[in-house]
Amino acid sequence: ILLALGFACVGARGRGSVSTAVALVGVTLTLHVLSVHSGFVYDDRLWARPWTFSELASTFAGSEDPRGISGEQYRPIPSLTHALDHALFGPSPFAFHGTNMALHALSAFLLFVLLSRLNLPRGPSFLGALTLAVHPMAASSIGWISERTDTLADIFMLATLIVFLGPKGTRTLRVLGVSLLALWSKETAVMLPALAILFALVALDREERTARVATLRALVAFVVLYVAVWVSLFPEKTVGRLQATAATLRSEPSGWTALFE
């Protein structure tokens, strides 16, 4: 903990992006380095295995697990990173957990970049990134190989917002490209249009918001198209989720559902 505090002080007192990156990597390593000895848990061995090219290709047209052992999810990017880890390092828990730590540190640094893009002072921006780096929930996404999906989604969602708030140029194409990687990481990325609208309202003046209307419309349409593709790939799961949601709402008629009673 003292070593983590030391790295945090380095980041707080530093001035450039390099010192921030070093601090966030140092904090992540000192807090989670023991996870490399954790081994694999639960369904980790579904991913920490050799992958064939045909299996990887199939994840872009169907389930993340072409063998059909896990539940149906459309997440080709996590499967690709698992295959790359195994190709480079073999079935080593050390390597898989190390990759998870590196990805977590990267997500914290991208949060720092995003907050800086909002014209926040360096101190609050670093504090926000540090909060993400030390958050207890990170233990799950680092210690459990399968939870890499959350970190990858965070990385590409943050990157999408950074590009969205950047100079115009070819922003729309870049936003859609990075958002696709987020959608391919985990379904939670469907909230990107709402987040982009929120950041536009909070961080941009009227002229800048107007300049991004076309990008927002494209992003909304892109996410709607993704949802349509997801439903076409997993129709039975979609129906099952709708039925389960309806049953839950009937048994727990609270919150927003009261508006429809």
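Keep in mind that what you see is a predicted model, and the values were worked out from it rather than measured.

K.L.:
Account for a nonpolar patch on the surface, naming residues and giving values.
P.N.:
On the surface, a cluster of nonpolar side chains totalling about 390 Å² of accessible area is made up of I197, L198, L201 and V202. Take L201: it is sitting in helix α10 (residues 192-203).

K.L.:
Run through helix α8 (residues 148-164), naming residues and quoting values.
P.N.:
Along an α-helix, residues three or four positions apart point the same way, because every turn accommodates 3.6 residues. Taking 1.5 Å per residue as the helical rise, α8 with its 17 residues ought to reach 24 Å, and the 24 Å between its terminal C-alpha atoms agrees with that figure. For α8, a buried count of 14 out of 17 residues is recorded, marking the element as mostly surrounded by other parts of the structure.

K.L.:
Tell me about the pattern of salt bridges, and please be specific about residues and values.
P.N.:
For the structure shown, the criterion picks out five salt bridges. Across the pair E187 and R75 runs a salt bridge, and its minimum N-O distance is 2.9 Å. Pair noted here: E187 is in the loop between α9 (171-183) and α10 and R75 is in the loop between α3 (53-58) and α4 (76-89), with a separation of 112 residues, a long-range link. The partner of D85 in a salt bridge is R148, with the nearest N and O atoms 2.8 Å apart. One end of the pair, D85, is in helix α4; the other, R148, is in helix α8, and 63 residues separate them in sequence. Taken individually, D85 and R148 each receive the classification buried, so the pair is uniform in this respect.

K.L.:
Quick rundown of the nonpolar core? Include the residues and the values.
P.N.:
Judged by nonpolar contacts, the single largest core of 36 residues is most densely connected at L114, F156, F164, L192 and L219. Of all elements in the fold, only α5 (93-117), α8, α9, α10 and α12 (213-233) reach the threshold of two or more residues within this core. Element by element, the count of residues in this core is highest for α8, at ten residues. Not counting chain neighbours up to four residues away, the residues in contact with F156 comprise I77, V178, L181, A182 and S185. By size, the runner-up hydrophobic cluster in this structure holds ten residues, among which are F126, A129, L130 and A133.

Conventions adopted
Here the residue numbers are simple positions, counted from 1 along each chain's written sequence. Local features in this predicted model are restricted to residues of pLDDT 70 or higher, and side-chain atom pairs are both shown and tallied only at a pLDDT of 80 or more, whereas totals for entire chains, interfaces and linings draw on every residue. Side-chain calculation: all heavy atoms of the structure are included, whereas hydrogens and water are not. Nonpolar side chains (Val, Leu, Ile, Met, Phe, Trp, Tyr) are joined into patches within 5 Å and like charges within 9 Å, using only residues with over 30% relative accessible area and no salt bridge. Using the Shrake-Rupley algorithm and a 1.4 Å probe, accessible areas are obtained, with residue cover drawn only from the displayed protein chains. Throughout this description, the term salt bridge denotes a Lys or Arg side-chain nitrogen within 4 Å of a carboxyl oxygen of Asp or Glu. The secondary structure listing takes helices from DSSP runs of H or I that are at least 4 residues long and strands from runs of E that are at least 2 residues long, numbered from the N terminus. A helix is expected to reach a length of 1.5 Å times the quantity of its residues less one. Exposure categories follow from relative accessible area, calculated using a 1.4 Å probe and restricted to protein chains: below 20% of the type maximum is buried, above 50% is exposed, and the middle band is partly exposed. Take the buried residues of types Ala, Val, Leu, Ile, Met, Phe, Trp, Tyr and Cys, join any two whose side-chain atoms come within 4.5 Å, and each joined set is a nonpolar core. Residue contacts are counted whenever heavy atoms from the two residues lie within 4.5 Å of one another.

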